[in-house]
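Spelled out, the chains give:
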Amino acid sequence: MKDYLQLALTTFNGGMWYGWKKYNDDGSRIPDAERKNYKNIIVIKDGAIKPSEEEINTKIQELKDAEQAAIDKKASGKQKLKDLGLDDAEINALIG
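Residues numbered from 1 in each chain as written. Predicted model: local features only at pLDDT ≥ 70, side-chain atom pairs only at ≥ 80, totals over all residues. Heavy atoms only, no water.

## Concerning the overall build of the chain
Across its full length, the chain carries four helices and two strands. In the chain, the order of α-helices and β-strands from amino to carboxyl end is α-β-α-β-α-α. Computed over C-alpha atoms, the radius of gyration of the chain comes to 20 Å, more than 25% over the 12 Å expected from 2.2 N^0.38 for 96 residues, which places it beyond the range of a compact globule. By its C-alpha atoms, the chain is 65 × 25 × 20 Å across when sized along the principal axes. Looking at the chain residue by residue over its 96 residues, the buried ones come to 20%. For the chain, restricting intrachain contacts to residue pairs at least 6 apart in sequence, the fraction spanning at least 24 positions comes to 44%. As displayed, the chain has an accessible area near 6,900 Å², and 53% of this comes from carbon and sulfur atoms. Side chains of the chain carry 16 positive and 17 negative charges; the gap between the two charge centres is 4 Å. (Helix = DSSP H or I, 4+ residues; strand = E, 2+ residues; numbered from the N terminus. Rg over C-alpha atoms; globule rule 2.2 N^0.38 Å. Buried < 20%, exposed > 50% of the residue type's maximum accessible area, 1.4 Å probe, protein only. Contact = heavy atoms within 4.5 Å. Areas by Shrake-Rupley, 256 points an atom, 1.4 Å probe, with all protein chains shown as cover. Lys, Arg positive; Asp, Glu negative; His and termini not counted. Charge placed at Lys NZ, Arg CZ, Asp CG, Glu CD.)

## Some words on the pattern of salt bridges
What the rule picks out here adds up to six salt bridges. For K82, the salt bridge is made with D88, and the minimal N-O distance between the two is 3.0 Å. Judged by its relative accessible area of 45%, D88 is partly exposed. Within the structure, one salt-bridge network assembled from shared partners comprises R29, D32 and R35. (Salt bridge = Lys/Arg side-chain N within 4 Å of Asp/Glu carboxyl O.)

## Describing the packing of aromatic side chains
Enumeration over the complete set of coordinates arrives at two aromatic pairs. Ring centres 5.4 Å apart and planes at 65 degrees place the aromatic pair W17 and Y18 in the edge-to-face group. Like Y18, W17 is buried. Where Y18 meets W20, the ring centres are 5.6 Å apart and the plane angle is 75 degrees; that geometry is what we call edge-to-face. For Y18, a relative accessible area of 3% translates into the label buried. Classification of W20 by relative accessible area gives buried; the value is 11%. Taken together, the ring pairs in this structure connect W17, Y18 and W20 into an aromatic cluster. A cation over an aromatic ring shows up here: R29 above the ring of Y23, its NZ or CZ 5.7 Å from the ring centre. Stacked on the ring of Y4, the Lys or Arg K64 has its end atom at 5.2 Å from the ring centre. (Phe/Tyr/Trp six-rings, centres within 6.5 Å; stacked < 30°, edge-to-face > 60°. Lys NZ or Arg CZ within 6 Å of the ring centre and 35° of its normal.)

Below you can see the structure in the form of structure tokens.
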């Protein structure tokens, strides 16, 4: 499964500007499985600014929408090839 949060984060501030808190404010260790969320993002690159949670969520949705659009275009293209008379084997040989 894709990590859309990290994909979105890398679109801000020119790449790898962020890291994850390892400890809560009370000093207790944050389990690895629970670290990757908005509240645990830390800025590790000078000059970088942490985007708002809304900005990140908007970017995540844009990434998902673009991925779905690519899937839809591929399906549409396959259907158009079928409509032209190609069978599944021929289509898969062309585009996989």
